[in-house]
Structure formats: C-alpha cells, structure tokens
Amino acid sequence: MAESIKVKCPACDQILAAADEGGLVKVLREHLYEEHALEMPPERVRENVVAQLRDFDGYNARPISRA
Ligand SMILES: [Zn+2]
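Calculation rules
- Residues numbered from 1 in each chain as written.
- Predicted model: local features only at pLDDT ≥ 70, side-chain atom pairs only at ≥ 80, totals over all residues.
- Heavy atoms only, no water.
- Helix = DSSP H or I, 4+ residues; strand = E, 2+ residues; numbered from the N terminus.
- Contact = heavy atoms within 4.5 Å.
- Areas by Shrake-Rupley, 256 points an atom, 1.4 Å probe, with all protein chains shown as cover.
- Donors = N, O, S within 2.8 Å, 3.2 Å for Na, K, Ca; no water.
- Buried < 20%, exposed > 50% of the residue type's maximum accessible area, 1.4 Å probe, protein only.
- Salt bridge = Lys/Arg side-chain N within 4 Å of Asp/Glu carboxyl O.
- Polar contact = N/O pair within 3.5 Å; in protein donor to acceptor, adjacent residues only side chain to side chain.

Asks: What exactly am I supposed to notice about the overall build of the chain here?
Replies: A tally of regular secondary structure across the chain gives 2 helices and 2 strands. Each helix (α) and strand (β) of the chain, taken in turn from the N terminus, gives the series β-β-α-α. Across the chain, every contact between residues at least 6 apart in sequence was considered, and the portion connecting residues at least 24 apart equals 29%. Working note: accessible area of the chain is about 5100 Å², and carbon and sulfur atoms make up 48% of it.

Below, the structure written as structure tokens:
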C-alpha cells in the first residue's frame, strides 16, 4: 500500500489522510463541507494542503505569517 500523507483540518484539528496531494484536497474539501458546512473552492483547499505539507515536520509550530 502506498504511504499516506496527512493534513489537519483547519477548523477542528481532525487528521485527514490520503495517498497523495490531490486526494488530500478532495478529502479535506469533503470534510469541510460535510462537517463544517464550509464550501471552499478547491484552490483554497489546495493552498492549505500545500502549506501544511511544506511545514509538515513542524506543523504544530503554527508557522504561518510570522514576520
Ligand atoms: Zn474539521
């Protein structure tokens, strides 16, 4: 089985996993819609996924926009 990659839901911190980036965008988007009634465009979801993957090793460190 392929190694899965993971991101955290930005709204509830639930961990979501998929086999690749495209899969993560899909599961996160579905999760946001179903669990939070948030309809986000795939572009926005992908940006979040990519940002989390880039910082995955330290994703607990809240890396975004510290000037
Ligand atoms: Zn959530």
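Asks: I'm lost on the coordination of the zinc ion in this one. Help?
Replies: For a metal with four tetrahedral donors the ideal donor-metal-donor angle is 109.5 degrees, while six octahedral donors give ideal angles of 90 or 180 degrees. Within the protein, Cys 9 (SG), Cys 12 (SG), His 31 (NE2) and His 36 (NE2) serve as the donor atoms for the zinc ion, at 1.9 to 2.3 Å. Linear spacing of the donor residues for the zinc ion on their chain is C-x2-C-x18-H-x4-H. You can see Cys 9 sitting in the loop between β1 (5-8) and β2 (15-18) and its partner His 36 sitting in helix α1 (residues 21-36), a full 27 residues away along the chain. Judged by relative accessible area, which is 25%, His 36 ranks as partly exposed.

Asks: Could you clarify how one ought to interpret the pattern of salt bridges in this entry?
Replies: When the charged atoms of two side chains lie near each other, side chains of opposite charge can form a pair. By the definition in use, this model includes 2 salt bridges. Put simply, Glu 21 and Arg 46 hold a salt bridge, and the shortest N to O gap is 3.0 Å. Here Glu 21 is found in helix α1, whereas its partner Arg 46 is found in helix α2 (residues 42-54), with 25 residues between them in sequence. Residue Glu 21 is classed as partly exposed on the basis of its relative accessible area, which comes to 31%. Residue class for Arg 46 comes out partly exposed when judged on its relative accessible area of 36%. In this structure, Lys 26 engages Glu 30 in a salt bridge whose closest nitrogen and oxygen atoms are separated by 3.8 Å.

Asks: Just checking my understanding: could you explain the environment of His 36 for this structure?
Replies: On a C-alpha basis, the gap between His 36 and Ala 11 in space is 7.7 Å, while along the polypeptide they are 25 residues apart. Setting aside chain neighbours within four positions, we find His 36 in contact with Cys 9, Ala 11, Cys 12 and His 31.

Asks: Just to check I follow, could you spell out the side chain of Gln 52 for this structure?
Replies: Tracing the backbone shows Gln 52 in helix α2. Note on Gln 52: relative accessible area 14%, which makes it buried. Here the side chain of Gln 52 touches Lys 8 through a polar contact of 2.8 Å, landing on its backbone oxygen.

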